[in-house]
Amino acid sequence: AFLVADTVVVTSKNNADEQWVWESDASSFTVAKDPRGDTLGRGTHISLFLKEEAYDFLEEHTIKDLVKKYSQFINFPIHMWTSRTEKVEEAVEPEADTTPKEGETDDDVKVEDEDDEKPKVKMVDKTVYDWEVMNDNKPIWLRSPKEVDDADYVAFYKSFSKDSDEPLAHVHFTAEGEVTFKSILFVPKTAAHDLYQDYGKAVDNIKMYVKRVFITDDFEEMMPKYLAFIKGVVDSDDLPLNVSRETLQQNKLLRVIKKKLVRKALDMLKKMSAEDFKKFYKEFGTNIKLGVMEDHSNRNRLAKLLRWQSSNDEEEMTSLEGYVERMKEKQDHIYFMSGTTRAECEKSPFVEKLLKKGYEVIYLIDPIDEYGGLGVKSKKKK
């Protein structure tokens, strides 16, 4: 509070005591009975006397933005005294013409009955003041996945990610063990235009909450670089609430959360339908190949997600597992050829010779394949 206020006054009253006032200027404080008596009845009232440079926090839009960012999912409602302008009807008083016309006397002037005509009205602007709830969004990650339909997931994703497209896939889970947390992870439908230009740069796609209070989205290691496109929320009651981001970053529980998030994210990709995975791989296939090179602990899991073009099908890509399933009897090797295009690979004398013998050849035409190759050696036997 003292970052923005010169003085803080806390007035508090409970049922079993008198009303007390605590006042401090950060260097000292006083506690005394409230000379005004019992003005609260019950509860606490906090007053901040802001510094001149912090007057922006008196603006309605500033307070709304702060509540929306940090406290929109906490359990108790936050009300704010707000104003709005409404159009209302206002009666127009008719002006009675009591001036006698030429040749008439005052007695001849007719007075019209007010009931003969409907009253005239006009629309005017009126400022209305009322309490407005600032945090009416409910944290859907606290609900059971069986109680949340697809429309709720889409609406939630769009609200926190600011993405106009629907997500391609999502996973909603509760992790238990050394640390307990709830999370929802989403796969965007399209990759960001600067995904590979800024590869490795910290992103704010994973938002960390502790007891429904937003802590930060500025974790460099919440997700590995190759999964930086994953968006979602994490909420845990086991992490400390009143600590700095730097301190939380060193918390060992955070490393446990990261490990579980990666496993759940990879499992989500594995369970995608063939059609959705094809769309995913078109957008993020390079990330999977980078993951094979960077994440040794999950290399085998990532290798199962790799896809390449092959001589088996001109349209559909193949996995390493699919290739092994189609290997000829007594074939001990996996054959592949690297090149800039599929056509270039097919013209290779080496490939032509293998194709004539009925062997399938994988075409490595992505530049990153020069470094990663097939990623791992297949241990599967026919």
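Residues numbered from 1 in each chain as written. Predicted model: local features only at pLDDT ≥ 70, side-chain atom pairs only at ≥ 80, totals over all residues. Heavy atoms only, no water.

Asker: Is there a simple way to explain a nonpolar patch on the surface in this structure?
Answerer: Together, Trp20, Phe29 and Val31 line one region of the surface with nonpolar side chains, adding up to about 310 Å² of accessible area. Residue position: tryptophan 20 is located in strand E2 (residues 20-24). For tryptophan 20, a relative accessible area of 32% puts it in the partly exposed group. (Patch = residues over 30% accessible without salt bridge, like charges linked within 9 Å, V, L, I, M, F, W, Y side chains within 5 Å. Areas by Shrake-Rupley, 256 points an atom, 1.4 Å probe, with all protein chains shown as cover. Salt bridge = Lys/Arg side-chain N within 4 Å of Asp/Glu carboxyl O. Helix = DSSP H or I, 4+ residues; strand = E, 2+ residues; numbered from the N terminus. Buried < 20%, exposed > 50% of the residue type's maximum accessible area, 1.4 Å probe, protein only.)

Asker: What should I look at first to understand the pattern of salt bridges in this one?
Answerer: Pairs can form between side chains of opposite charge whenever their charged atoms are close. Under the counting rule described, the total for this entry stands at 16 salt bridges. Among the salt bridges present, the one from glutamate 132 reaches lysine 64, with a minimum N-O distance of 3.7 Å. Separated by 68 residues along the polypeptide, glutamate 132 in strand E6 (residues 120-133) and lysine 64 in helix H1 (residues 60-70) bring together distant segments of the chain. Ionic pairing is found between aspartate 235 and arginine 212, a salt bridge with its closest N-O pair at 3.5 Å. With aspartate 235 in strand E11 (residues 231-236) and arginine 212 in the loop between strand E9 (206-210) and strand E10 (213-216), the pair connects residues that are 23 residues apart, well separated along the chain. Residue aspartate 235 shares its accessibility class with arginine 212, and that shared class is buried.

Asker: Sorry if this is basic, but what is going on with unusual backbone geometry here?
Answerer: Most of the time, phi is negative for any residue but glycine, and the peptide bond is trans. A positive phi angle, near 85°, is found at alanine 26, a position not held by glycine. Mapped onto the elements of the fold, alanine 26 is located in the loop between E2 and strand E3 (29-33). For alanine 26, a relative accessible area of 53% translates into the label exposed. Even without being glycine, lysine 211 reaches a positive phi, approximately 55°. By secondary structure assignment, the location of lysine 211 is in the loop between E9 and E10. Judged by its relative accessible area of 37%, lysine 211 falls in the partly exposed class.

Asker: Help me understand the sheet that holds strand E15 (residues 361-364), please; the structure alone is not making it clear to me.
Answerer: In a beta sheet, neighbouring strands pair by backbone hydrogen bonds and run either parallel or antiparallel. If you walk across this open sheet you meet the four strands as E13-E12-E15-E14, and the pairing is mixed. Both outer strands of the open sheet, strand E13 (313-318) and strand E14 (335-338), are each paired with one neighbouring strand and no more. Each strand of the sheet is rotated relative to its neighbour by a mean of 40°, with strand direction disregarded. Where strand E12 (residues 308-310) meets E15, two bridges bridge the pair, whose relative direction is antiparallel. When the bridges of E15 are listed, serine 310 appears paired with isoleucine 362. (Pairing = 2+ DSSP bridges. Axes fitted to C-alpha atoms, helices over the stretch in contact; angles between N-to-C directions.)

Asker: I keep staring at the environment of tyrosine 226 and nothing clicks. Help me out?
Answerer: Within the element layout of this structure, tyrosine 226 appears in the loop between E10 and E11. On the basis of relative accessible area, tyrosine 226 is assigned to the buried category, the value being 1%. Spatially, the C-alpha atom of tyrosine 226 lies 6.2 Å from that of leucine 290, the residues being 64 residues apart in sequence. Setting aside anything within four residues of it in sequence, one finds tyrosine 226 in contact with Tyr199, Val262, Leu266, Asn287, Leu290, Gly291, Glu294, Asp295, Asn298 and Leu302. (Contact = heavy atoms within 4.5 Å.)

Asker: I'm lost on the nonpolar core in this one. Help?
Answerer: Within soluble globular proteins, side chains that are nonpolar tend to cluster in buried spots. Grouped together as the largest cluster of nonpolar side chains are 58 residues, with contacts concentrated most on Leu185, Val187 and Phe280. Take this core: its biggest share by element is ten residues, from helix H4 (residues 252-270). Setting aside residues no more than four positions away along its own chain, valine 187 makes contact with Pro167, Leu168, Ala169, Phe229, Ile230, Met268, Leu269, Phe280 and Phe284. Listed in part, the 13 residues of the second largest apolar core include Phe186, Tyr209, Phe214 and Val233. (Core = buried A, V, L, I, M, F, W, Y, C linked by side-chain atoms within 4.5 Å.)

Asker: Can you help me understand a negative patch on the surface in this one?
Answerer: Together, Asp6, Glu23, Asp25, Glu52 and Glu53 line one region of the surface with negative charge. By secondary structure assignment, the location of glutamate 53 is in the loop between strand E4 (43-50) and H1. (Lys, Arg positive; Asp, Glu negative; His and termini not counted. Charge placed at Lys NZ, Arg CZ, Asp CG, Glu CD.)

Asker: Got a minute to help me understand the side chain of threonine 7 in this structure?
Answerer: Following the sequence through the fold, threonine 7 ends up in strand E1 (residues 5-13). In this structure threonine 7 comes out as buried when scored by relative accessible area, which is 18%. Non-local contacts of threonine 7, meaning those with residues more than four positions away in its chain, are made with Glu23, Ser24, Asp25, Ser47, Leu48 and Phe49.

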